[in-house]
Amino acid sequence: MSTSKTIAARPAPKKGNGRRRLSLPVVLLIIAGGLALVSLVRIISGADDITSVGQVRGALALAVPIGLAGLGGLWAERAGVINIGLEGMMILGTWFGAWAGFQWGPWTGVLFGVLGGCLGGLLHAVITVTFGVNHIVSGVAINILAVGVTRYLSNFAFDGVQGGSSKQSPRIDPIDRITIPGLSDWMQDLQQQHWFLISDLAGIIGGLVTGLSLLTVVALLLIPATWWILWRTPFGLRLRSCGESPVAAETLGVNVYKYKYIAVTVSGGLAGLGGAFLAIVSTGIYQEGQTGGRGYIGLAAMIFGNWMPGGMALGAGLFGFTDSLKLRGGAENVHAMLLLLAILLVIAVFWQLYKKKYVSAAVAAVVSALLFTWYFLTDQVPSQFVDAAPYVTTLLVLSLSAQRLRMPKANGVPYRKGEGK
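Described in the following lines is the structure provided in the data block. Computed from a predicted model, the values in this text were never measured in an experiment. (Residues numbered from 1 in each chain as written. Predicted model: local features only at pLDDT ≥ 70, side-chain atom pairs only at ≥ 80, totals over all residues. Heavy atoms only, no water.)

1. Side note on the environment of Phe 385
Relative to the helices and strands, Phe 385 resides in helix 17 (residues 383-401). Relative accessible area serves as the criterion here: at 26%, Phe 385 is assigned to the partly exposed category. For the pair Phe 385 and Gln 352, spaced 33 residues apart in sequence, the C-alpha separation works out to 29 Å. Not counting residues within four places of it along the chain, the set of residues in contact with Phe 385 comprises Val 334, Leu 338 and Trp 374. (Helix = DSSP H or I, 4+ residues; strand = E, 2+ residues; numbered from the N terminus. Buried < 20%, exposed > 50% of the residue type's maximum accessible area, 1.4 Å probe, protein only. Contact = heavy atoms within 4.5 Å.)

2. Looking at unusual backbone geometry
Unusually for a residue other than glycine, Asn 306 sits at a positive phi of about 60°. Given a relative accessible area of 18%, Asn 306 falls into the buried group. Here Lys 356, not a glycine, exhibits a phi torsion of approximately 65°, which is positive. Of note, Lys 356 is situated in the loop between helix 15 (331-354) and helix 16 (358-377). Given the relative accessible area of 62%, Lys 356 is considered exposed.

3. Regarding the nonpolar core
Formed by 40 residues in total, the largest nonpolar core has its most connected members in Ile 66, Leu 230, Leu 239, Met 302 and Phe 319. Those elements that provide at least two residues to this core are helix 3 (53-78), helix 4 (86-104), helix 5 (106-130), helix 9 (214-232), helix 10 (234-244), helix 12 (256-283), helix 13 (294-304) and helix 14 (309-327). Counting residues per element, this core draws most heavily on helix 12, at eight residues. Those residues in contact with Leu 230 that sit more than four places away from it in its chain are Leu 74, Trp 75, Gly 236, Leu 237, Leu 239 and Arg 240. (Core = buried A, V, L, I, M, F, W, Y, C linked by side-chain atoms within 4.5 Å.)

This is the structure:
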């Protein structure tokens, strides 16, 4: 057999840690199967609100700041800089966004929120890239510093102003929202019929076309924009090379320091945009502590997404969905999720048996049985569990996805200029 025929006969190479990349039809089939399963759980449990228009709108609003923080973490870590300071950069975004927003309008507030986050990112870049300080230590320090700085500044900027205090800003004018007339009403009518799959799909579409903030549209567009910049441009290739092998990148003429600085500053700006979203769109005011750990959850969403924009968006959507569940219907909705999780674990049992991983299959079977028992013996879950649901989801998702993760090879590795010469 000729060499050319031998090469042609070889199987296609696997991508991403030895696994084949899922094709678009397969991904769409998985999404359709997941939606059908959720619809089945809704019908069995009677929790009709879990895919309602209001639930989807709430989930999207809660997912956007988490997604923006995760997108910021992706930019930094693709360049090789661990950004634990996302939470602090979000805090700076909330404060600067509110400070400018109540004086000069919401879009000016958005711009200042981004600039506030950029300041945090630039500080993190100086500390880690130029001075070589441990990335985790720098990130934690920025989180602590952001809390102290914003608390101090609030005493001068908000205290004594009408509607403000040392812990919150005056009211900020809202950003315009868009609703597609006709389609929105039709989707709401279909969703209220509670039909299998059709009503659930209508609820999702209705949530995306009803009362959508213009800033939400901007945030959603940033996901494909990030993918295109980092994976389809020479700039993105150079930036990602700094996260894989900065020494090799330097030998090819890449200014590693420059790209790390750009990536971490953009990272801070995206986190700051997430903070501005919280202050301007979600609540309309700045409140001390309003980020509520979303920077850390954004980091978890990025890890769940395997340092890819699409996967990160799915992770942010999952965390936003569970967070929205506790706000709408609370105990009843989270109780329905017990049934969904139990069924998913049954599927996992068969999958593990197929792969001949009998111990994992046994563990999944036991946990599934416990969840089924919990679901059928109770009508609601305790309020404490409802409040903890988003954080429990974060831990479960990270633990279940840990085996398939592959972060950039030089992520967090110290680098000094000139090592490639």
